[in-house]
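Breakdown of the fold
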Amino acid sequence: MDARGIPQHRELRELCLGGLVEEAHEVPAMRAVASAEEWASTRYKPAPFVLVISGAPGCGKSCALGRWVARSEESAAFVRSAVIASTPRNEWSENRVAWDRWASVDRLAVDELGLEETRAAGARINALLCERFDNGRATIVATNLDETAVLDAIFDARLFSRVLGEQGRGGEGGGLPFFVSLPVKDLRCPGALDGDGRQGAK
């Protein structure tokens, strides 16, 4: 999991690698990721999508993303939004390797999207999402922001148009919504996930 960038968080990694505990089927973040996977499996390949999962700290977003990356049979990577935003896309060898990887893996999980400090930082993330979508890649973003703030931070008109046109809004039309707002529930509270007082999902 180190090679894929999964955070050094013991319980998160246990859930990434182990079988789902029975109660974890009820974690909304994991259901949102599973729904995206199911939607993609019914489409002609490649089936690109951008999914933004929004929720309060402790609702299982990082765990759901980590599991999606760790259990993938395809190439996959997990990265914090701040790392992308602070990494210039230039010809410095380390930067080029990082960007090539983020752009090319089949699955990319972008964690902890926040209000990026500069428009340039948000533009880097937007450019990456555009490139991945155009090249048939799947990307899931986790954030505490609401839909309006996310659109302002990382979605320009081109990306929004592509995602809305090809991915849809979900519902009766059979599309996949690009934004899912999770219920307010902190799974890190004692007993919230496993019922025995241990700390739950991140």
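In this text the structure is predicted, and so the values were computed from the model without any measurement.

A few words on the layout of surface pockets. Quantified by volume, the largest pocket comes out at close to 290 Å³. Taken together, 15 residues make up the lining of the largest pocket; nearest its centre are Ala 40, Lys 45, Ala 47, Glu 74 and Ala 138. For the lining of the largest pocket, the residue count by class is 6 nonpolar, 2 polar and 7 charged.

We now examine unusual backbone geometry. Omega for the peptide link from Lys 45 to Pro 46 comes to -5 degrees, which places this bond in the cis form. By the secondary structure assignment, Pro 46 is in the loop between α2 (28–41) and β1 (49–54).

For helix α7 (residues 147–154), the full list of buried residues reads Ala 149, Val 150, Ala 153 and Ile 154. With its buried residues spanning 100 degrees around the axis, α7 presents them on a single face. At its buried positions, α7 is contacted by β1, β3 (107–113), α6 (119–134), β4 (138–143), α8 (157–166) and β5 (179–181).

Further remarks concern the sheet that holds strand β2 (residues 76–80). Spatially, the 5 strands line up as an open sheet ordered β2-β3-β4-β1-β5, and their pairing is parallel. Each end of this open sheet is capped by a strand with a single partner; those strands are β2 and β5. Shown here is a sheet whose adjacent strand axes are inclined to one another by a mean of 15 degrees, direction ignored. Of the strand pairs in this sheet, β3 and β4 are connected by 5 bridges, and their pairing is parallel. By the bridge assignment, Val 110 is partnered in β4 with Val 141.

Once that is clear, we can look at the confidence of the model for the chain. For the chain, per-residue confidence averages 83 on the pLDDT scale, and 78% of positions sit at 70 or higher. Taken element by element, the chain is modelled with least confidence in helix α1 (residues 10–17), mean pLDDT 67, and with most confidence in β4, mean pLDDT 97. Segment residues 190–202: pLDDT under 50, and 36 contacts once partners within four positions in sequence are set aside and those in other chains are kept.

The subject of this paragraph is the nonpolar core. Ranked by size, the top nonpolar core spans 30 residues in total, and within it Ile 84, Leu 108, Val 150, Ile 154 and Phe 155 carry the most contacts. At 6 residues, the largest contribution of residues to this core is made by α6. In this structure Phe 155 touches Val 50, Val 52, Asn 126, Val 150, Phe 160, Val 163 and Phe 178, once residues within four positions along its chain are discounted.

The next subject is the pairing of β3. Along any regular strand, the residues point their side chains to alternate faces of the sheet. Counting buried residues in β3 gives 6 out of 7 residues, a clear majority hidden from the surface. As paired elements, β2 and β3 share 5 bridges and run parallel to each other. Across the sheet, the residue bridging to Ala 77 is Leu 108, located in β3.

On to the packing of aromatic side chains, then. Scanning the model with the defined rule gives 6 aromatic pairs in all. Ring geometry for Trp 39 versus Phe 49: centroids 6.4 Å apart, planes at 85 degrees, classification edge-to-face. Here Trp 39 is found in helix α2, whereas its partner Phe 49 is found in strand β1, with 10 residues between them in sequence. We note that Trp 39, like Phe 49, is buried. Through pairs of rings, three or more aromatic residues link up here, namely Phe 155, Phe 160, Phe 178 and Phe 179.

The subject of this paragraph is the environment of Asn 95. Inspection of the secondary structure assignment puts Asn 95 in helix α5 (residues 93–104). Asn 95 gets classed as buried once you look at its relative accessible area, which sits at 18%. Taking the C-alpha atoms as reference, Asn 95 lies 9.8 Å from Ile 84; in sequence the two are 11 residues apart. Apart from residues no more than four positions distant in its own chain, Asn 95 is found in contact with Thr 87, Pro 88 and Asn 90.

Below, the discussion takes up the packing of α6 against α7. Helices that pack against each other are described as a pair by the angle of their axes relative to one another and the distance between those axes. Between α6 and α7, whose axes approach to 7 Å, the crossing angle comes to 90 degrees. Compared by their axis directions, α6 and α7 come out roughly perpendicular. Counted together, Arg 119, Gly 122, Ile 125, Asn 126 and Leu 129 of α6 and Asp 152, Ala 153 and Ile 154 of α7 form the full contact between these two elements. Here the residues of the contact of α6 with α7 sort into 4 nonpolar, 2 polar and 2 charged.

What counts and how
- Residues numbered from 1 in each chain as written.
- Predicted model: local features only at pLDDT ≥ 70, side-chain atom pairs only at ≥ 80, totals over all residues.
- Heavy atoms only, no water.
- 1 Å grid on protein atoms, 1.4 Å probe; cavity = no way out; pocket = protein on both sides within 12 Å on 5 of 7 lines; lining within 4 Å.
- Points joined across faces, edges and corners; volume = space filled by probe spheres on them.
- Nonpolar A, V, L, I, M, F, W, Y, C, P; charged D, E, K, R; others polar.
- Helix = DSSP H or I, 4+ residues; strand = E, 2+ residues; numbered from the N terminus.
- Buried < 20%, exposed > 50% of the residue type's maximum accessible area, 1.4 Å probe, protein only.
- Arc of directions from axis to C-beta.
- Contact = heavy atoms within 4.5 Å.
- Pairing = 2+ DSSP bridges.
- Axes fitted to C-alpha atoms, helices over the stretch in contact; angles between N-to-C directions.
- pLDDT = per-residue confidence, 0-100.
- Core = buried A, V, L, I, M, F, W, Y, C linked by side-chain atoms within 4.5 Å.
- Phe/Tyr/Trp six-rings, centres within 6.5 Å; stacked < 30°, edge-to-face > 60°.
- Parallel < 35°, antiparallel > 145°, perpendicular 65-115°, else oblique.

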